[in-house]
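# What the coordinates show
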Amino acid sequence: MTKQTILPKNMTPAMRCFAAACCSFLLLFSLLFSGCGRQASEAPSGSAISHASALISPIASVPLSHLLTASLSLPALADVTTLAAFPCAELSPETEDIFCQILLLLQDGFRRYQVHGTYQVYFSAPEKAYTDDDSNTVMGCRLLLKDIDAVGTDFIYWEENLNFVFDSESDRYTFTWYYEPVMTQDDSLAISANFSWAEEVLENCIYETTLSPDTIIDAQVKYDAVPCPVISDSFFTTSPYFPLHTMSYLYTYQDERMGVYITVSYPALYVSDSDLKKTLNARIRDAFFYGYDWEKEPNPLIPEEMILTSIDRSYFITREDAQYFSVRIYEYSEARRAAHPNEWETGLTLSMETGTVITLRDITGDTYTPAQLLDSGAFHINWGDLARYLDEEGMTRTEKEWMETIRENYQNSTLEDFDTDFYLTDDSLGLIVTTFGDEYVCIEAKLSDLGLEEWSNPNPADR
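Being a predicted model, the structure only gives us computed values, none of them experimental. (Residues numbered from 1 in each chain as written. Predicted model: local features only at pLDDT ≥ 70, side-chain atom pairs only at ≥ 80, totals over all residues. Heavy atoms only, no water.)

Count 3.6 residues to each turn of an α-helix, and residues three or four apart come out pointing the same way. Between the first and last C-alpha of helix 8 (residues 392-409) there are 25 Å, a value that for 18 residues agrees with the 26 Å anticipated at 1.5 Å per step. Of all the residues in helix 8, the buried ones are Gly-394, Thr-398, Glu-399, Trp-402, Met-403, Thr-405 and Ile-406. The buried residues of helix 8 occupy an angular sector of 165° when projected down its axis, which confines them to one face. Facing away from the buried side of helix 8, by more than 90 degrees, are the exposed residues Glu-393, Thr-396, Lys-400 and Glu-408. Buried residues belonging to helix 8 abut helix 7 (370-375), strand 16 (380-381), strand 18 (428-434) and strand 19 (440-446). (Helix = DSSP H or I, 4+ residues; strand = E, 2+ residues; numbered from the N terminus. Expected span 1.5 Å × (residues − 1). Buried < 20%, exposed > 50% of the residue type's maximum accessible area, 1.4 Å probe, protein only. Arc of directions from axis to C-beta. Contact = heavy atoms within 4.5 Å.)

This part covers the sheet that holds strand 18. In space, the four strands of this open sheet follow the order 16-19-18-17, with antiparallel pairing throughout. Pairing within the sheet leaves two strands with one partner each, and these edge strands are strand 16 and strand 17 (422-424). One ladder, built from seven bridges, connects strand 18 with strand 19; its direction is antiparallel. The residue of strand 19 that forms the bridge with Val-433 is Val-441. (Pairing = 2+ DSSP bridges.)

Taken together, the side chains of Phe-235, Met-247 and Tyr-270 make up a nonpolar region of the molecular surface, amounting to roughly 330 Å² of accessible area. Mapping Tyr-270 onto the fold places it in the loop between strand 12 (260-267) and helix 5 (274-288). (Patch = residues over 30% accessible without salt bridge, like charges linked within 9 Å, V, L, I, M, F, W, Y side chains within 5 Å. Areas by Shrake-Rupley, 256 points an atom, 1.4 Å probe, with all protein chains shown as cover. Salt bridge = Lys/Arg side-chain N within 4 Å of Asp/Glu carboxyl O.)

Residues of the protein with pLDDT of at least 70 account for 79%, and the chain-wide mean is 81. Long-range and interchain partners of residues 23-50, a stretch whose pLDDT sits below 50, account for 21 contacts in this model, where long-range means more than four residues apart. Predicted confidence for residues 65-89 stays below pLDDT 50, and this span has 55 contacts to residues more than four positions away or in other chains. (pLDDT = per-residue confidence, 0-100.)

Here it is, written out as structure tokens:
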């Protein structure tokens, strides 16, 4: 095989030498002038404080030399007209360095949390946030991400807020705080251009560029960040000498970057019929791993779509025999964007013979409506541990007031409204009801007082 050249085959040796000389001259000329403009930045040096000062100094809106588009391998913002509204001063080496690390961090988030598409990223100048307990200068940087691919909506912007510390000895950054709603892809967290955050960042923007999961960023990762979500779902057991000893599982989901911490303790049932066992435990998982989109069916818990949220779920088995399994599921949750924490309970009752979910209508039939149940006079408040704080007179007075409020709240309710808000004990029917605002309480009535004795456990000791 002969080697091919770009020179015509019919050129004489003299012509070839002349052409080669011309090419060499042109190459030398281009190399001499390609270095005009900004010189390659060196790695940041000096103390963390001087580095922080350089970050706060006035900086410009020019392309990062490290950022290349995946398809063309050209500077991402080569068209300077895009930046006409911004200052034309030069980015300091320190600022270019941290902006590049932020872009790497963002892109890592895009890939980890399956964020697709292309975003315009607007940077404001890093500012000192505070000095931590170790006398480190903690810097903050506010960004705005615009979804370039979004159509049919004005809510195409996402807030991004990061805090970081620079260690001059190791020449590394540590990101210490994150607010990144874009990683959830929850449209309810997107904002429009006239939102105050968007207006402020756009007004004070000193640099912008495009970023996608596929953008090539030719730079070394020099940051430390919290790990990706850690998920565990494992069996654990308690002492066989405990009452109502039941196998349990503990599910944990911890994502420090998104500020999501979830712990779910849930029971596991064992029966000899493998198909029935599978059905029973699938029903239990469905009841414990519910989400918050109440209009959606099914409504699963999706931790990957959450941000700044803590959830703890536990349970109390109220009945477990050959006929029925019934459990109260307690939740305590706290969203840092909400005004206050929340707590509530739901209930689940299963047939141990078929694995089906029992509804309140299955128990009452057409004998009662919720209003009739509450008007029966058979229900009393299950005070639980609250009984320690009330004397008998106080409990009687409070129960009368609360029951009146409960009856008013549920006058127009249906039995189906209680499908996840009731439970069974050996001899009672329990309802989970609200009292004032979001506060709830459990009320119970003897099944015999309601004429529903057939739902009682005939052998309470046989568990």
